[in-house]
Each structure stands twice: as structure tokens, then as C-alpha cells.
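The chain contents come next:
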Amino acid sequence: MKAIATTQAPGAIGPYSQAIHIGNLVYTSGQLPIDPATGAFPEGGIKEQTRQSLLNVQAILAEAGLTMQQVVKTTVFMADMTDFADMNAVYAEFFQAPYPARSAVAVKTLPRQALVEIEVVACAD
């Protein structure tokens, strides 16, 4: 088991790793839409926050030597399910067929009042 860490994504703010690589799988922690350069959310709404969360996932996977095409499962946590279509439009920019399996759930609140948080499982071939 190996912890994955990169400065190209927000650092862990608690007792957890950005990702763990075990066997041929990489599990990322949930990625909030925090810009690692500024420590802030991007301006805008769900589209901008979804893009930043996925850019953070992408950076962590790159540190592990993987790409978004190796993602096999995603979980999307949303503060408001009425944002689903806008989240989905940006999400589709990051993946291509065969698409990863996905769960999308609405939660009461997310850290720092984020609109979205995304975690993934990727497989190293």
C-alpha cells in the first residue's frame, strides 16, 4: 500500500491521504473544488466546481501514473440534486466510453459549503 500525494491538488486537511495505491487500484479521497494554487473555490456555480473537483482528481491520478480513462468507478456527492444536469455536462468532458460506473447522491452539506465532491477508483492495467 502506498499513499499518493501531489501539490497539484489540495492537500489533505485531516488524517487521510489524497489517494491510496494498493495492488492495481488507486482510491482517491473525495475532492472538493478547491483550486490548489489559491486554496479557494472557483468563481461560479456547480459547473465550475465540478470542473475543479475533476481537475483535482486528474492531478492525483497523474501523480500515480494514471489517467481519467483508467477510472472504473466514481462517486459524486452533491449539495443539491437540481444541479445534476449541469454537473453531468462538465463530468462528460472528462470521460469517454466505456464510461466508469457511477453513483451520484445528494447530501445535506459538504465541507466548506461546497456544491460537489468527487471520489474515484482507478485501475492500473
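Coordinates for the structure precede this section.
Residues numbered from 1 in each chain as written. Predicted model: local features only at pLDDT ≥ 70, side-chain atom pairs only at ≥ 80, totals over all residues. Heavy atoms only, no water.

**A look at the overall build of the chain**
At step 1: Regarding its fold elements, the chain presents 2 helices and 6 strands.
At step 2: Here the chain has a C-alpha radius of gyration of 13 Å; the compact-globule value for 125 residues is 14 Å, and the two agree.
At step 3: A principal-axis box enclosing the C-alpha atoms of the chain has dimensions of 35 × 30 × 25 Å.
At step 4: Burial analysis of the chain (125 residues in total) assigns 39% to the buried set.
At step 5: A separation of at least 24 residues holds for 68% of the contacts in the chain among residues at least 6 apart in sequence.
At step 6: In the chain, the 7 positive side-chain charges and the 11 negative ones have mean positions that sit 4 Å from each other. (Helix = DSSP H or I, 4+ residues; strand = E, 2+ residues; numbered from the N terminus. Rg over C-alpha atoms; globule rule 2.2 N^0.38 Å. Buried < 20%, exposed > 50% of the residue type's maximum accessible area, 1.4 Å probe, protein only. Contact = heavy atoms within 4.5 Å. Lys, Arg positive; Asp, Glu negative; His and termini not counted. Charge placed at Lys NZ, Arg CZ, Asp CG, Glu CD.)

**Observations regarding the packing of aromatic side chains**
At step 1: One pass over the structure, following the stated rule, counts 1 aromatic pair.
At step 2: Their ring planes at 35 degrees and their centres at 4.7 Å tell us that tyrosine 91 and phenylalanine 95 sit as a pair that is tilted. In terms of burial, tyrosine 91 and phenylalanine 95 fall into one category: buried.
At step 3: Sitting above the plane of the tyrosine 91 ring, arginine 102 keeps its charged end 4.5 Å from the centroid. (Phe/Tyr/Trp six-rings, centres within 6.5 Å; stacked < 30°, edge-to-face > 60°. Lys NZ or Arg CZ within 6 Å of the ring centre and 35° of its normal.)

**Looking at unusual backbone geometry**
At step 1: Residue proline 98 is bonded to the preceding alanine 97 through a cis peptide linkage, with omega at 0 degrees.
At step 2: Its place among the elements puts proline 98 in the loop between helix H2 (84–94) and strand E5 (101–106).
At step 3: In this structure, arginine 112 takes a positive phi of about 60 degrees despite not being glycine.
At step 4: Structurally, arginine 112 is set in the loop between E5 and strand E6 (116–123).
At step 5: Despite not being glycine, glutamine 113 has its phi angle at roughly 60 degrees, a positive value.

**Describing the layout of surface pockets**
At step 1: Empty space within the largest pocket amounts to approximately 210 Å³.
At step 2: Forming the boundary of the largest pocket are 13 residues, of which Pro10, Gly11, Tyr16, Leu32 and Ile34 lie nearest the centre.
At step 3: In the lining of the largest pocket, the residues fall into 7 nonpolar, 4 polar and 2 charged. (1 Å grid on protein atoms, 1.4 Å probe; cavity = no way out; pocket = protein on both sides within 12 Å on 5 of 7 lines; lining within 4 Å. Points joined across faces, edges and corners; volume = space filled by probe spheres on them. Nonpolar A, V, L, I, M, F, W, Y, C, P; charged D, E, K, R; others polar.)

**Things to note about the sheet that holds strand E1 (residues 2–4)**
At step 1: Read across the open sheet, the 6 strands follow the order E1-E2-E3-E6-E4-E5; overall the sheet is mixed. What marks the edges here is a single partner per strand, and that holds for E1 and E5. The mean angle between the axes of side-by-side strands here comes to 15 degrees, regardless of whether they run parallel or antiparallel.
At step 2: When strand E3 (residues 25–28) meets E6, the two strands line up antiparallel, connected through 3 bridges. Paired with tyrosine 27 across the strands is valine 121, a residue of E6.
At step 3: Seen against the sheet, helix H1 (residues 46–63) touches E1, strand E2 (19–22), E3, strand E4 (71–78) and E6 and runs at an angle of roughly 30 degrees to E6. (Pairing = 2+ DSSP bridges. Axes fitted to C-alpha atoms, helices over the stretch in contact; angles between N-to-C directions.)

**Brief notes about the nonpolar core**
At step 1: Counting 26 residues, the largest nonpolar core has Leu54, Leu61, Leu66, Met68, Val71, Val76 and Phe95 as its most contacted members.
At step 2: Mapped by element, the contributors of at least two residues to this core are H1, E4, H2 and E6.
At step 3: Among the elements that line this core, the one with the most residues is H1, at 6 residues.
At step 4: Discounting residues that sit within four places of it in the chain, leucine 54 has contacts with Met68, Tyr91, Phe94, Phe95 and Ile118. (Core = buried A, V, L, I, M, F, W, Y, C linked by side-chain atoms within 4.5 Å.)

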